[in-house]
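# Breakdown of the fold
Each chain is listed here by its residues.
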Amino acid sequence: MKSDATGWVDKERGLVSREAFVSEEVYQLEIERIFNRSWIYLGHETEIPAVGDYVVRNLGNAPVIVVRDTPDSVKVLLNSCRHRGAKLCRADAGNTKNFVCPFHGWAYEIDGALRTTGFDHHFRDDTDFSAMGLIPAPNVESFHGLVFACWDKDAVPLRDYLGDIGWYLETFFKRTPGGMEVLAPPHRWRTKANWKIGSLNFIGDSQHSPTTHIGPSTLDAARTIRDGFRKHGQDSFHVVTDEGHGCTLTYLAPGMPEKNYLTHPEALKPLYEESLNTDQVSMLHHLRVCVGTIFPNMSFIESQAGAGEKALIIRLWHPVSGTEMEVLSWVFAEKEADQGYKDRVLRNGFHNFGAAGVFE
Ligand code: FES
């Protein structure tokens, strides 16, 4: 297949070479041209609610610390000491007053400023310690609690980058006044597959579902629902935005009893009407499944969780190489929901979409 300079993409015929899903050369170009320029999802504000809370993530192929440095601010800092480049923070998550390098003990404030080298008096008198803080990501923004960052200082604002998909994200992540909260630390694992497989599966490859996921579709608790989904699958449609984001919406199959599907708690429904417009509320109440991807590698799904409540999941497909990715999976519920509901959503969410979930 040869239609562009690389031979990887045939736009006219809509074909992509399999080389693009294994090549280290493509992976390096993706890091340079996509992951170092795009807004990348890093985590949710409720993972770091208190000052000093942090989680360790990746922005492109660079390790970063996502830290709440004030009650109203989140910083994203390169996880690399300014002395000789040692990895500064070795824990996945925690709370701290300072980050102290395990190599020679340089200490940093939680906003990244260098507090002391431990031997400041050994430096020249004109040393500018204020220029030796941790390197910050130039752009960090939150969209209803979803924290994104971008290495490109000239990036468009996050809201412009999201474009029309923001309308759908709002429906899921800002449908009550309190918003959504992460119910547990994300499951995190590596798999021998290219990151694009995950992103593509969630943005439009719905046909894989009844075959790849034949296991869960045979479970008794889900059988009726799956049968309805297959029979009326043609009622689904895709949304693709100009910015490269998209989602698939599957509405309730005609004739199926709504009481089997509308599994959001009754107590929360008035809050949805308070936070969303009428079109968003209508979509929410008639959806069976919504699954989508924010370019390049954040996916989300709200689906029926067996006979129980719906679970809202975020997936991150972080590229490790041309043939390997790290997957992170978070489960969400409304802050205002009662603890029993949150417990069931968490159990159902990881039962389906955790590291050992039936959809894996
Ligand atoms: S590398 Fe961090 S203090 Fe030396």
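Computed from a predicted model, the values in this text were never measured in an experiment. (Residues numbered from 1 in each chain as written. Predicted model: local features only at pLDDT ≥ 70, side-chain atom pairs only at ≥ 80, totals over all residues.)

Once that is clear, we can look at the overall build of the protein chain. For the protein chain, the helix and strand inventory stands at ten helices and 20 strands. The buried share of the protein chain, reckoned over its 360 residues, is 35%. In the protein chain, of all internal contacts separated by at least 6 residues, the share reaching a separation of at least 24 is 59%. (Helix = DSSP H or I, 4+ residues; strand = E, 2+ residues; numbered from the N terminus. Buried ≥ 20, exposed ≤ 12 C-beta atoms within 10 Å, placed from the backbone. Contact = placed C-beta atoms within 7 Å.)

Now for helix H1 (residues 24–35). Among all positions of H1, only Tyr27, Glu30 and Phe35 are buried. The buried residues of H1 occupy an angular sector of 55 degrees when projected down its axis, which confines them to one face. Of the exposed residues in H1, those oriented more than 90 degrees away from the buried face are Glu25, Glu32 and Arg33. Buried residues along H1 sit in contact with strand S3 (40–44) and strand S19 (310–321). (Arc of directions from axis to C-beta.)

Strand order in the open sheet formed by three strands is S8-S9-S10, and the pairing between neighbours is antiparallel. Two strands lie at the open edges of the sheet, namely strand S8 (98–100) and strand S10 (114–116), each paired on one side alone. The sheet shows a mean angle of 35 degrees between the axes of neighbouring strands, taken without regard to direction. Pairing geometry for strand S9 (residues 107–109) and S10, over two bridges, is antiparallel. Within the sheet, the bridge partner assigned to Ala107 lies in S10 and is Thr116. (Pairing = 2+ DSSP bridges. Axes fitted to C-alpha atoms, helices over the stretch in contact; angles between N-to-C directions.)

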